[in-house]
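So you can see what is in the structure, the chains are spelled out below.
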Amino acid sequence: MKEYSQDLSSLIDNELGDKEVINTVLEDAALQKQFSRYQLIGDVLRDESNVLDLRMDVTDSVMAAIANEKQDNYVAPLSAAPEPEKSNVVPFMKRFGQYAIAASVAGVVVVSSLMVNQGSATDPSVAPVLNTVPFGGAAAPVSLQATPLQTKSDIKERNERVEALLKDHQLQLQTQP
Amino acid sequence: MNERELDLQLIQRIQNGEQQAFALLVRKYQTRVANILTRYVRSSGDIPDVSQEVFIKVYKSLPNFRGDSAFYTWLFRITVNTAKNYLTSQSRRPPASDIDAEEADSYDGSGALKDDANPEAILHSQEIKQVILKVIGDLPDELKSAITLRELEGMSYDEIAQIENCPIGTVRSRIFRAREAIDKQLKPLLEN
């Protein structure tokens, strides 16, 4: 250490700017304290230490405060930052757009069906695929109060079909084990 | 190399991320900063806290330091501003007259400081001063002359070598030996 002490003395007097010496001082706590004492000798001789507690040394507290502030202000680098979570909430404009499309499709269907029905009533040459009138000639209204349009032969035919189904069912029951 | 160049070298190291270089600047200037603060701060017990605040401000402002003025001049301005802010926070008015950087070093702050420092600290500081002056008084003449010309007259090694009629290396060695002798007595006083 003594070999550096003379360099330290020259460094304080601004007679030495060797980077090596500065590196050594920065890495050696004992040399730094010696630097403080050498500095104090000059301050006392120049009478720059009036009414002071000459033992005062704020170096450690200053460096600790700086280190603390650095930690507090530490911001994680961008690459390490987590990606923002995807929201499950559908954005307003997206949902609004879906409703708008659905409404316009429904509107087109309603308008076109009205037009087709009008056309079929007046024009018998309309394409059969668009003709929604039953083959029987008239559509029966679907209602509990509506009276069915049935003839005696229809009723007889229906009863015969039901009886045939019942007989078939009984036969199947007898053949099963 | 002059004082300004050495300071700039340390500042460049700090700006390059070598935080420990700032510790050396604090060690170099803390007594001078405290001496300026005695002009403003009435309670000597507050001087370490305000000194710490000064150096933290200096550290934070270092990225903006361009070296247009000497580091000490810049440090001096920050010290005075911090002291005035301190007085404002204490609901006291700053002194009507300011001091400048040149006269700050030799300023005797004892008039402004209403000293409520503990007597033990004052006695201890007086003891340190007496030891330093006594050791210098007891040094051989060539060592005494070399350290006095350097510290009190601010002469360079080259100028001292011309006055003492000896090589620069001898001046370097004499000043170091003088400091070493003082340090031998000073170190136990500061460590206790």
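Residues numbered from 1 in each chain as written. Chains lettered and ligands numbered in written order. Predicted model: local features only at pLDDT ≥ 70, side-chain atom pairs only at ≥ 80, totals over all residues.

A. Summary view of the overall build of chain B. A tally of regular secondary structure across chain B gives nine helices and zero strands. Secondary structure of chain B in N-to-C order comes out as α-α-α-α-α-α-α-α-α. Burial statistics for chain B: of 192 residues in total, 33% are counted as buried. For chain B, restricting intrachain contacts to residue pairs at least 6 apart in sequence, the fraction spanning at least 24 positions comes to 65%. (Helix = DSSP H or I, 4+ residues; strand = E, 2+ residues; numbered from the N terminus. Buried ≥ 20, exposed ≤ 12 C-beta atoms within 10 Å, placed from the backbone. Contact = placed C-beta atoms within 7 Å.)

B. How the structure looks around the overall build of chain A. Check the secondary structure of chain A and you find six helices and zero strands. In chain A, the order of α-helices and β-strands from amino to carboxyl end is α-α-α-α-α-α. Counting only contacts in chain A whose residues sit at least 6 apart along the sequence, the fraction spanning at least 24 positions is 29%.

C. Focus on the nonpolar core. Judged by nonpolar contacts, the single largest core of 54 residues is most densely connected at Leu24(B), Val26(B), Val33(B), Leu37(B), Leu75(B) and Ala146(B). Val26(B) has contacts with Val58(A), Thr59(A), Val62(A) and Phe55(B), leaving out every residue within four places of it along the chain. (Core = buried A, V, L, I, M, F, W, Y, C linked by C-beta atoms within 7 Å.)

D. Molecular detail of the interface of chain A and chain B. Taken together, the contact between chain A and chain B spans 41 residues of the former and 55 residues of the latter. Mapped onto the side of chain A that touches chain B, the elements with two or more residues apiece are α1 (2-12), α2 (19-27), α3 (29-45) and α4 (59-72) of chain A. Here the side of chain A that touches chain B gets 13 residues from one element, more than from any other, and that element is α3(A). Partitioned by chemical class, the residues of the side of chain A that touches chain B number 17 nonpolar, 15 polar and nine charged. (Nonpolar A, V, L, I, M, F, W, Y, C, P; charged D, E, K, R; others polar.)

E. How the structure looks around helix α6 (residues 119-138) of chain B. For α6(B), with 20 residues, the first-to-last C-alpha span of 28 Å sits near the 28 Å given by 1.5 Å per residue. Of all the positions in α6(B), only Ser125(B), Ile128(B) and Ile132(B) are classed as buried. What you see down the axis of α6(B) is that its buried residues fit within an arc of 55 degrees, all on one side. Those residues of α6(B) that are exposed and angled more than 90 degrees off the buried face are Pro119(B), Glu120(B), Leu123(B), Gln126(B), Glu127(B), Gln130(B), Lys134(B), Gly137(B) and Asp138(B). Elements in contact with the buried residues of α6(B): α3 of chain A together with α9 (168-191) of chain B. (Expected span 1.5 Å × (residues − 1). Arc of directions from axis to C-beta.)

F. Layout of the packing of helix α3 (residues 47-61) of chain B against helix α4 (residues 71-89) of chain B. All names here are of chain B. It is at 9 Å that the axes of α3 and α4 come closest, and there the two elements cross at 130 degrees. Considering their axes alone, α3 and α4 lie oblique with respect to each other. α3 and α4 meet at a crossing whose hand is right-handed. Listed contacts from α4 to Val50, Glu53, Val54, Lys57, Val58 and Ser61 of α3 are Leu75, Ile78, Thr79, Thr82, Ala83 and Tyr86. Grouping the constituent residues of the contact of α3 with α4 by class yields seven nonpolar, three polar and two charged. (Axes fitted to C-alpha atoms, helices over the stretch in contact; angles between N-to-C directions. Parallel < 35°, antiparallel > 145°, perpendicular 65-115°, else oblique. Left-handed = near helix turned anticlockwise from the far one by under 90°.)

G. The arrangement of the confidence of the model for chain A in detail. Residues and elements named next belong to chain A. For chain A, the mean per-residue pLDDT works out to 75, and 64% of the residues sit at or above 70. The least confident element of chain A is helix α5 (residues 92-122), whose mean pLDDT is 71; the most confident is α3, at 93. Contacts from residues 76-82, a stretch scored under 50 in pLDDT, to residues over four places away or in other chains number one contact. (pLDDT = per-residue confidence, 0-100.)

H. Spatial organisation of the packing of helix α7 (residues 141-151) of chain B against α9(B). Residues and elements named next belong to chain B. At a minimum axis separation of 8 Å, α7 and α9 run at an interaxial angle of 95 degrees. By the angle between their directions, the pair α7 and α9 is classed as roughly perpendicular. Between α7 and α9, the contacting residues are Glu142, Leu143, Ala146, Ile147 and Arg150 on the first element and Val171, Arg174, Ile175, Arg177, Ala178 and Arg179 on the second. Considered class by class, the residues forming the contact of α7 with α9 number six nonpolar, no polar and five charged.

I. Local environment of the environment of Leu45(A). With respect to the helices and strands, the residue Leu45(A) is situated in helix α3. In this structure, Leu45(A) is in contact with Glu151(B) and Leu152(B), ignoring residues within four places of it in sequence.

J. Expanded view of the confidence of the model for chain B. Residue and element names in this part refer to chain B. In the predicted model, chain B carries a mean pLDDT of 87, and the fraction of residues at 70 or more is 86%. Highest mean pLDDT in chain B belongs to α7 (96); lowest belongs to helix α5 (residues 101-104) (57). Interface scoring of the predicted complex returns ipTM 0.85; its pTM is 0.65.

K. Quick look at unusual backbone geometry. Despite not being glycine, Asn14(A) shows a phi value in the positive range, around 60 degrees. The exposure class of Asn14(A) is partly exposed, given the 16 C-beta atoms found within 10 Å. Within the chain, Asn165(B) stands out as a residue other than glycine whose phi angle is a positive 55 degrees. Locating Asn165(B) in the fold gives a position in the loop between α8 (157-164) and α9. Judged by the 7 C-beta atoms lying within 10 Å of it, Asn165(B) falls in the exposed class.

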